[in-house]
Amino acid sequence: MNPSQLRDDMPVLDETIYLNTGASGPSPRHVVDATESWYEFHEFESGAGPGMYEPAFELFDDARATVASHIGTEPNNVALTASTTDGISRLPLAMDWDADDVVVRTDVEHAAGILPWRRLRDEYGVEVRVVETDQGWIDPDDWEDAVQGATLATFSSVCWTSGVRAPVRELTERAHDAGARVVVDAVQSPGQHPVDVAEWGADAVAASGHKWLLGPWGAGFLYVDPKFAETLAPAQLGYRNTVDPYADPYEYAEGARRFEFGTVAPAPYAGLRTAIETIEEIGLDTVQSRVERLTDRLKDGLGDDRLVSPREYHTGLVSFADDDPEATVERVAERGIKVRSIPTTGVVRASLHVFNTADDVDALLDALDG
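Residues numbered from 1 in each chain as written. Predicted model: local features only at pLDDT ≥ 70, side-chain atom pairs only at ≥ 80, totals over all residues. Heavy atoms only, no water.

A. Examining the sheet that holds strand S11 (residues 340–342) more closely. Taken in spatial order, the three strands make up an open sheet running S9-S12-S11, and their pairing is antiparallel. Strands with a single pairing partner mark the edges of an open sheet, and in this sheet they are strand S9 (317–321) and S11. Taken over all neighbouring pairs, the strand axes of this sheet differ in orientation by 35° on average, direction set aside. (Pairing = 2+ DSSP bridges. Helix = DSSP H or I, 4+ residues; strand = E, 2+ residues; numbered from the N terminus. Axes fitted to C-alpha atoms, helices over the stretch in contact; angles between N-to-C directions.)

This is how it looks when you write it as structure tokens:
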């Protein structure tokens, strides 16, 4: 599959110029077909054949293996979740906390990277340190100062407000040198550029398939380093995350599997598997080179005075300053163009993916000037 074929397989593009993948990527028809056909098989046919559970567990294994291969790890290090928020939120509940602990985050985290730690502050007295950034740029020295004495440090691989791509390995190493565990919110990375969790070195990485991978909602994943996993006791307990659910005492499953605790809908993971295979067939080199050309075109048209995102290529997220972001989003929507505002920073953000075209960029620029 190439970008033009992908574009032709995306019904939403018949209705709009879609420049909002950073919020949620529209799935191509064949990904939705894979999800729906698996759902029909499971509900209409499997009960009369192998039963409902065996095919579901086989799909989980296959999806886990597909995710693991895509992010550079082994299947046992991957837990299937509902979303990035779901994956991140499972971690603090699996750790012991008291008032002597410290969590470090940046000032540009999504709510998923803020609320779990705020809860620890409110319920356990954990100190939460916030590292200030420059439009998403994390100064490694400021980060190193902040993580001294910390229990856990967390940041995003890509800043959701500006598209800045973080030096994940460097920030991780500095936090590890200070004795802190590292959790990375990677939701804006898979499908945009290669993700190698082994190279990153973080203790946990959470992501989802419904953005740049163009998968369905309800299919996320959580990488957990195996040594870190063995120290965790998830709050949820069920038949899927124990070695023997009827044993007393019970024993958690090895690795990240201890975070998969009960029955969930399998079909979204059929869609996730197909979505990853599609992105890999197109090739991340193709994705990056095309997105770089498109974002350069948009940045040239916007001009440096308005641009909030880096002038050089980082990702497909392009943010620019606007006096009334919500009004601008509504105005371009009247021209059939979907972008979004970021209320916390006063910017408009466009997301450019491999299915977008130069005509899409020009239409947005014309709408902004009109």
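B. Geometry of the packing of aromatic side chains. Applying the stated rule across the entire model yields seven aromatic pairs. Ring centres of Trp143 and Phe155 lie 5.4 Å apart, and the angle between their planes is 85°; on these two criteria the pair is classed as edge-to-face. Linking Trp143 in helix H6 (residues 140–146) with Phe155 in strand S5 (residues 152–156), this pair joins segments that are 12 residues apart in sequence. With relative accessibility at 0%, the residue Trp143 sits in the buried group. You can call Phe155 buried: its relative accessible area is 0%. Here the aromatic residues Tyr53, Phe57, Phe60, Tyr239 and Tyr269 are joined through ring pairs into a cluster of three or more. (Phe/Tyr/Trp six-rings, centres within 6.5 Å; stacked < 30°, edge-to-face > 60°. Buried < 20%, exposed > 50% of the residue type's maximum accessible area, 1.4 Å probe, protein only.)

C. Quick peek at the nonpolar core. If you look at the biggest cluster of nonpolar residues, it comprises 57 residues, and the most contacted ones within it are Val104, Trp143, Phe155 and Val184. By size, the runner-up hydrophobic cluster in this structure holds 22 residues, among which are Ile88, Ala94, Ala112 and Ala206. (Core = buried A, V, L, I, M, F, W, Y, C linked by side-chain atoms within 4.5 Å.)

D. Main features of the sheet that holds strand S7 (residues 204–208). Spatially, S2-S8-S7-S6-S5-S3-S4 is the arrangement adopted by the seven strands of the open sheet, whose pairing is mixed. Both outer strands of the open sheet, strand S2 (78–81) and strand S4 (127–131), are each paired with one neighbouring strand and no more. Averaged over all adjacent pairs, the angle separating strand axes in this sheet is 20°, with direction ignored. Note: strand S6 (residues 181–185) against S7, three bridges, orientation parallel. Bridging across to S7, Val184 finds its partner in Val205. With respect to the sheet, helix H5 (residues 115–124) is in contact with strand S3 (102–106), S4 and S5, its orientation differing from that of S3 by roughly 145°. (Contact = heavy atoms within 4.5 Å.)

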